[in-house]
Every structure is written in C-alpha cells, then in structure tokens.
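# A look at the structure
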Protein chains: 2
Amino acid sequence: MSELISTPTSALSEPLLLLDEARAQRNLERMVARAAAAGVRLRPHFKTHQSHAVGRWFRAAGCQAITVSSLAMAEYFAADGWSDITLAFPFHRGMRDRVQALAQRSSFAITLADPAALGGVHFDNPIELWLKIDVGSHRTGFEPDDLPALRELVAALGQREHIRLRGLLAHAGHSYAARGPAAIARVQHDSLQTLTALRDALSQTAGPLALSIGDTPGCSTHDAFPGVEEIRPGNFIFNDLSQWQIGSCAIDDIAVAMACPVVARHPRRGQLVVHGGAVHFSKDAMDFDGQRVFGLAVAADGRGWSTLRPELRLVGLSQEHGIVQAPAEVIDTIRPGDTLLFLPVHSCLTADAMGGYQTLTGERLSMMARIGAP
Amino acid sequence: MSELISTPTSALSEPLLLLDEARAQRNLERMVARAAAAGVRLRPHFKTHQSHAVGRWFRAAGCQAITVSSLAMAEYFAADGWSDITLAFPFHRGMRDRVQALAQRSSFAITLADPAALGGVHFDNPIELWLKIDVGSHRTGFEPDDLPALRELVAALGQREHIRLRGLLAHAGHSYAARGPAAIARVQHDSLQTLTALRDALSQTAGPLALSIGDTPGCSTHDAFPGVEEIRPGNFIFNDLSQWQIGSCAIDDIAVAMACPVVARHPRRGQLVVHGGAVHFSKDAMDFDGQRVFGLAVAADGRGWSTLRPELRLVGLSQEHGIVQAPAEVIDTIRPGDTLLFLPVHSCLTADAMGGYQTLTGERLSMMARIGAP
C-alpha cells in the first residue's frame, strides 16, 4: 500500500501511523549531541519505536548500546545485531533461560528490583546487573533510605558467580507530573542527589558503581548530568502530546501522527467520527483545556503536517471509532473519506497498538510482533 | 512455548493470555440456543476474538454469517472461508476498492452513517447496505427523529445501481452504562421501539426493512427480540469484568485471563508489581469498590482458574508494569516469578493488545496481524 494523506482523488482505507523521519532524525541528533556534550553514554530505550528500521537510525548516529523493556524486545533487537542490551524491567526467575541465551550472544544486563528475585537462579555465563532504585515515582525499585538492606544485598551479590553489579539504575517517572523546565529540573536534581548519596554510601561494600537514569523529560531539558554514566531516554525519538504538555518538546518535535479517515459528521452535536479508536491510539488520555483528550489534530501540509489545530480534539475512543469535537464551520468543510491527522497523547502505546509506520516518503517500517503472536 | 501457570519448577517468562475453551464454548452454545429459541439469526461480531481458530468454533456451532469492524478483519476472515460478512463500521469512499474486492468473493454488507459517504462511489457488483441508526448511544448513526431526511436518503438509495438496502442496524452501546437486568431491559425495549417505529415509517418508501441489533448486554439477558431479524453480539464469547459489572455474565462465564509474573513486592505500601501493562491489558479501566481498576485477580486452579480474588486489584498500568494492590498477608506468601491471574476489564482490547491466546490445554491460537504490520 502506498497510500498517503487524502487528496480529492485518493483516500485512505484505514488509519495509518505516519512517521516524519526528518523530525525523528532531528530529535535523535539533538539527543546524541546533548549526551556527547555532557560526556554520558546514550543508551536509548527502544520500547518507543520497537522497530529494526528506526533502531538502525540510532546505530548510524553512533549508538552501540540500547535499553529494552521485555525479553521479546531484547531478542528482536539482538536479532538485528545489537550486542549491548540492558533489560530495564525487573528480573524474575521465569526469565532465567531467555536471559542466559541472550547473554551468550551479547553483553546483557538485567535489573533487580526485589532481593528475592535471584533466589534459586544460577547463570552459566556472565550477566551484568543493575539495582533499580526508586527515586520517587514509587512504581518499583529499592527504597534508597533502606541502607542496611541494600548493603546486605550488595554484599550478597558480590558472592554470586557470573553476576557483575554495574550500578544503580533509576527512572524518575514522576517527571511526567512536572509542568515546565523548573519543575522537571527539581525532579532531576532530587533524583541525582538521591542516587549520588546512595552510591557513596554503598561504595565501601560494592566498589565503584555507575549511575544510569532514564526519563525523556529530564534528559531532553538538561545539558549536564553530574555523576551519571549513561542516560536511557526513549520517547524523545517521537515525542508526543504528553511530552509537549510537560514542556520537554515543542509541537514541531512530535514525529508521529495518525492519519484517520472521517466516517461521519454530526453537526448538531459538534462532532465528527473518524476511523481511529482504542486499537489504534491506545486509551491513554490527558487533560487539555479542561477536557480529557486522546489526541489533537494538526494541519496537513503537503505530504506531512505543520501546526496544531487545537479546535479539533479527539474526545472519545471505542474499539474502532474516534469521536472528534469540532467547530461547526470546520465540520461544514469536511466530507466522509477526508483524512484528519492527530498527534497522539502517548506515542509509545500508539506505535505498539498499530504495529508499524509509514514514512512521509511512503516507506513502510515494520515493528516487532505482539508477544502473543505465535 | 508450552508454559502454563507457574509451578515451583516452571515459571512464565512473560505475560500470557489464557483462553478457557470450555467456558468460551459454553458461552457460545448458550447464545446459539438463545438465538434459535428467539427465531433470530446470530451474526456474531468477530472483533472480540479476531482469530481464525475461535471463528471455527462458531462455524462448528452452526454460524454462517459474521460481523466485523474493519476491512482488515473482513479480509482476514474471508481468507478463512467466511462468505457472509457485514462490516458494522461506517463506510466512506476510501473503502471502496477493498469493499468491491470483498463483495466479489462473498456476500458483503456495508453500513452507512452519513448520507454523503456514498458520494462519487460506484460499485461494479452487488453490495448490501444497512443504515446505522443511533438508538441512544450517540456515538454515530442517523438520528431516528430526522424522518424527512431518512426518507429522502432511502429513496435515493433505491435509485442506486448495485446497492441493496437491507435494513436498519443499531448498536445500543449505552447499555454499557446499565447495571442489572431491569436497566438493560429498558435500553433494549426503548431501542426496539425506536427501530420498529422507524422501520414502519420508512417502509412505504423503502419496502421491507430488516432490523439488526448488537450489544452483548442486551443479547445476553433477553429471550425474545420482537421484530428483529438478526443479533450481532461479540463480547459474549469471552465476557469480561465490564460485562460482569453490567450484569450480563457471571464471573464464571469470563473465558480469558492474563497470567502475569510477579516481579517485585512492596509490602510497605501494600503493592506487588507484575509484568502486565498497557501493552498487554490495554488501558480500559472500571470503577470497582470505589477504586479505578484495570483487572481483578482470580484463584489459579490446576491448569485454569476458579473464583474471584477481589482483594488483589490491578490499580495502575504503565507500558510493561502492572501495580497490584494486595493485603500484607497475601504479599507475604508471594515471591518474584510466581504467577498471578487477572480477569480483564475489556476482553476485546486485551486480546487485541496481546495478539494471541494459549488454551488451557497448551494450544496457541493466533489472531489477525495489527493493521500497521506489513
């Protein structure tokens, strides 16, 4: 299929996730330059794009090490030649055989978030290990004030065959509640202070420990990461309305947009219906201008898109339908079969729901299969 | 992979969507019997399972006609021999070529929700057409009180080559806001009254019109569908916590459960973390006992599951992580790598997110690919 944005003579038959490669490459170059200037390794998180093709853009930009969030993702990227992979999701014993297999072909690191997760597990070859530290998001990870338990754990890890403790890994996910650079900076500052203090407190037991941090808001808005060895942002390659609302990107930095055919107009209630539902966007929503929205429209511009059209809001999603609130004068100009473009609230989940991209030059980029696919 | 529910010696490496075939077959038999007793055609909606294998269970039970919600789904099931397909999603001109191709190999019906959607469209072979009527959900469809416009549309359709108007199609989606049989019955009663009156009012212009209705709550709880030719429920094959909350199924009728490895314990805040996030469950939530939940646990029972464990609640989802609220005495008994089973809030979206099933006898069932997959 080589369909692109609707013209009077050609219309989309179904939703299409458009990827503006130029915007994505610019996001990538900017982050590569930022990491280089700060003297930290960029170990990008590939959970956002889940695509060999996009991964190769990172390789061309000089990245050699990556982060993933599942074994299936690790295996998918290992199959494309990535040989330095960190699984930034808590290890448990059920992962053992697949981790072992991955570690036989690449430098592979796991993440520990529970002291009992390694119980009964033995590896036959070297595995790197990061301790997941909860710097305030309270999703998971060791609580940094529990120093006696952490010292005990670190000492025990030192005795384990084939396990090499690399350092402390954190994801300051609470930066997603921040709004604006000052608020993001406070999260970043507090996280680094917590991590640095903990590293110093553990260094007597553990020897030198590296620090690895990861959220896109913090990594997109800072020029220096004192004491940090590597950063692991992922979302920045595409960005989305959430990042824009936080203040970590501009609208023009959002590199994916969903092209949705209009299927019905309901002028009496100020709504359009598009093909574009929960199985395309996912159901992540955000508050915008007093409303819960699942996407905001952008103006189509030749083969791509330009400015925000905040008056066209995706306000409801069922499995295949999207409900768009629109002013009457806009509805008047639209016919079924026309295409509207929407920026997603959360590009990672939108990409995962769609399973592939089309670039603005018409190239189809595939993604890894869903884990249930045989 | 032949992994099933965790035992002391084998643990899951990643989430797995379990399908209890016995429960699904029982749901299917019950609906087939209900439709037969009521003298209506069962044209099940296949958007819930999206699987050739599950579709064949319907065929074995005597179903010959199906409903789908996208062209991709129509093509997927046509490829498995289904030859009487209704696309219960609004038609627009971008669909024309694929509809034409489908209609050449099967009896194919489209749905019209906007009078302008057929503008400029010509078909070369016979297409059936349903008018989508908004019976109160206000998602899309023609408003039944707009009789002059509907008469005009019906007259115009009568002049069109290759289009055969079949009747009025509705989805009383507002039944999902009902709680209990009496509330569901009110929605059903009002919908049927609206449809019957509209059919009578249009019959002078249109000739005989069939009625097709579709929601699982209404279809699961009624024994008679006066004046209706066919019913199109879909979700009933699996059911889910939403249907249970509405009152259209029992917990024991829910035929899918997600098996999730526990990855970390946080007893201080009464939480467990499981592998099972938005890319597995989707982000549909419901209110339960004053909380927003994404799933509720069930007790593992041999190779399947039994009763609800409402004290174990999935209260947060990020991409891969699920946050489970659990009592301290339960957390004490659990270790990383153990498996917990959760009933989903919305089985259609959960199945779509996972991309496949594993039956309790260890068989893997595949689903159609995501639309973005090349």
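Residues numbered from 1 in each chain as written. Chains lettered and ligands numbered in written order. Predicted model: local features only at pLDDT ≥ 70, side-chain atom pairs only at ≥ 80, totals over all residues. Heavy atoms only, no water.

## Comments concerning the interface of chain A and chain B
Rules: Residue contacts are defined here by distance: any two heavy atoms, one from each residue, within 4.5 Å place the two residues in contact. Between Lys or Arg on one side and Asp or Glu on the other, a salt bridge is scored when a side-chain nitrogen of the former is within 4 Å of a carboxyl oxygen of the latter. Side-chain atoms alone can form a polar contact between residues adjacent in sequence; in general such a contact is a pair of N or O atoms within 3.5 Å, and within protein one must be able to donate a hydrogen while the other accepts it. Runs of H or I in DSSP of at least four residues are treated as helices and runs of E of at least two as strands, each being numbered from the N terminus. All residues other than Ala, Val, Leu, Ile, Met, Phe, Trp, Tyr, Cys, Pro, Asp, Glu, Lys and Arg, Gly among them, are scored as polar; the first ten of these are nonpolar and the last four charged.
Listed as interface residues are 78 residues of chain A and, on the opposing side, 79 residues of chain B. Scanning the region where chain A abuts chain B turns up 15 salt bridges. The residue Asp 338 of chain A makes a salt bridge to Arg 93 of chain B at a minimum N-O spacing of 3.3 Å. In this structure, the connection of chain A to chain B is made through 32 residue pairs in polar contact (both at pLDDT 80 or more). Elements with a minimum of two residues in the side of chain A that touches chain B: helix H3 (71-78), strand E4 (84-90), strand E10 (256-266), strand E11 (271-275), helix H9 (278-281), strand E16 (321-325), helix H11 (347-354) and strand E19 (364-366) of chain A. With 6 residues, E10 of chain A is the single largest residue contributor to the side of chain A that touches chain B. Residues that form the side of chain A that touches chain B fall into these classes: 33 nonpolar, 23 polar and 22 charged.

## Things to note about unusual backbone geometry
Using the following cut-off: Exposure classes here rest on a 1.4 Å probe applied to the protein chains alone. A residue is buried below 20% of its type maximum, exposed above 50%, and partly exposed in between.
Phi angles above zero are rare outside glycine, and His 162 of chain A is one such case at about 70°. On the accessibility criterion, His 162 of chain A (28% relative accessible area) is partly exposed.

## Quick notes on the sheet that holds strand E6 (residues 127-132) of chain A
All names here are of chain A. For clarity, the cut-off: In short, DSSP must find at least two bridges between two strands for them to pair. Axes here mean lines fitted to C-alpha atoms, for a helix over just the part in contact, with angles spanning 0 to 180 degrees between N-to-C directions.
Spatially, E2-E9-E8-E7-E6-E5-E4-E3 is the arrangement adopted by the 8 strands of the open sheet, whose pairing is parallel. Both edges of this open sheet fall to strand E2 (41-42) and strand E3 (66-68), since each of them pairs with a single strand only. Relative to strand E9 (residues 230-231), strand E8 (residues 210-213) is paired through 2 bridges, and the arrangement is parallel. Bridge pairing in E9 links Ser 212 to Glu 230. Helix-sheet contacts for helix H5 (residues 147-158) involve strand E5 (107-112), E6 and strand E7 (163-169), and the interaxial angle to E6 is about 180°.

## Comments concerning the side chain of Ser 13 of chain A
Positionally, Ser 13 of chain A belongs in the segment before strand E1 (16-19). Classification of Ser 13 of chain A as buried rests on a relative accessible area of 3%. A distance of 2.7 Å separates the side chain of Ser 13 of chain A from the side chain of Arg 98 of chain B, its partner in a polar contact.

## Describing the side chain of Arg 199 of chain A
Looking at the element boundaries, Arg 199 of chain A is found in helix H6 (residues 181-206). In terms of polar contacts, Arg 199 of chain A uses its side chain to reach the backbone carbonyl oxygen of Gly 227 of chain A, at 3.1 Å.

These values are about where atoms sit, not about what they do.
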